[in-house]
Structures are given as C-alpha cells and as structure tokens.
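As a plain string of letters, each chain reads:
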Amino acid sequence: SMTVQGILKDMYDTFAADLESATRDEAGANSKFEDFVAIKAEELAALEAEKAKKEGQKADAEERLADTQQMYDDTTAQREADVVFFDETKAACETKHDEWTTRSSLREEEIAGISKALAILTPDDARALFASA
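Rules used in this analysis
- Residues numbered from 1 in each chain as written.
- Predicted model: local features only at pLDDT ≥ 70, side-chain atom pairs only at ≥ 80, totals over all residues.
- Heavy atoms only, no water.
- Helix = DSSP H or I, 4+ residues; strand = E, 2+ residues; numbered from the N terminus.
- Rg over C-alpha atoms; globule rule 2.2 N^0.38 Å.
- Buried < 20%, exposed > 50% of the residue type's maximum accessible area, 1.4 Å probe, protein only.
- Salt bridge = Lys/Arg side-chain N within 4 Å of Asp/Glu carboxyl O.
- Patch = residues over 30% accessible without salt bridge, like charges linked within 9 Å, V, L, I, M, F, W, Y side chains within 5 Å.
- Areas by Shrake-Rupley, 256 points an atom, 1.4 Å probe, with all protein chains shown as cover.

### Focus: the overall build of the chain
Counting secondary structure elements, the chain contains two helices and zero strands. Here the chain has a C-alpha radius of gyration of 56 Å; the compact-globule value for 133 residues is 14 Å, and the former is much larger. Seen through its principal axes, the chain has C-alpha atoms that stretch 185 × 15 × 15 Å. Per-residue burial for the chain yields a buried fraction of 1% across its 133 residues.

Structure follows, in structure tokens:
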C-alpha cells in the first residue's frame, strides 16, 4: 500500500507540476494575446483615423471638382455667347461698311454734280444769259 501511495503521490506531484507549468504557459499566452489585441486595437484606431482623413480629402476633392466643373460650364457658356456676339458685331460692322461705302459714293457723285453745275452756272457767259432772261 505504500507503493500505491508512492505512485499516487508521484502522480499527484507530476500532475501538480504539469498544472503549474500549464497555468504559467497559459498566463504567458494570455498576456501575449492581450498585448496582441491591444496592438491591433491601436492599429484599428489609426486606420479608422486615416480612413476619416481620406474621406475628408475625398469630400474636398469632390467639392473642388464640382466647383471646377461649374466654372468650366460657365466659361463654355460665356465663350459661346461671346462667339455669337462677335458674329453679330461682325455682321453689323460689315453692314455699316457697305452703307458707308454707298453713302461715300453717292456723296462723291453729288459733289461732282454740284461742281459741274457750278462750273456751268458761274462763268461770265452764263451770268450774262441769266441777266438778259
């Protein structure tokens, strides 16, 4: 019976030592796991902050794009209006030029006619003829 008690005591001592060793190993693994979870939580927080920053940058870029697109559309509309205005002004200028050319030509003909009439009416022969009539 002492042999059985000796075997049981050895078994108990072995189990106790194994339990203590397993408990230490588990505590070490648990500590490492908690450290790992803490590191991953910090990384997650950093990545969420980065994500929020990127979302803000994206929103700013989208706003700038919308403003730029609106400015482009406004500039295109203004350019088209300017082209129409230029075409209308060019046509009006050409019309005014044609009218001026016609007026200048008629004016030259009038001046030539008046000069011819004066040439006919102002000599001494013409005055004498008018005085006798």
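### What to know about the pattern of salt bridges
The final tally for this structure, using the stated rule, is six salt bridges. A salt bridge links Lys54 to Glu50, with the nearest nitrogen and oxygen atoms 3.8 Å apart. Placement of both Lys54 and Glu50 in helix α1 (residues 2-121) is noted, with a separation of four residues, approximately one turn of the helix. For Glu50, a relative accessible area of 35% puts it in the partly exposed group. Note that Glu62 is salt-bridged to Lys58, the shortest N-O span being 3.9 Å. Of this pair, Glu62 and Lys58 both sit in helix α1, separated by four residues, roughly a single helical turn.

### Some points on a nonpolar patch on the surface
Taken together, the side chains of Val4, Ile7, Leu8, Met11 and Phe15 make up a nonpolar region of the molecular surface, amounting to roughly 500 Å² of accessible area. Note on placement: Leu8 falls in helix α1.

### Points about the environment of Leu65
In this structure, Leu65 sits in helix α1. Sequence-wise, Leu65 and Lys32 are 33 residues apart; in three dimensions their C-alpha atoms are separated by 48 Å.

### Quick notes on the environment of Glu42
Looking at the element boundaries, Glu42 is found in helix α1. We classify Glu42 as exposed; its relative accessible area is 58%. Spatially, the C-alpha atom of Glu42 lies 92 Å from that of Ser105, the residues being 63 residues apart in sequence.

### What about the environment of Thr14?
Structurally, Thr14 can be placed in helix α1. Residue class for Thr14 comes out partly exposed when judged on its relative accessible area of 43%. Sequence separation between Thr14 and Ala45 is 31 residues, and the spatial gap between their C-alpha atoms is 46 Å.

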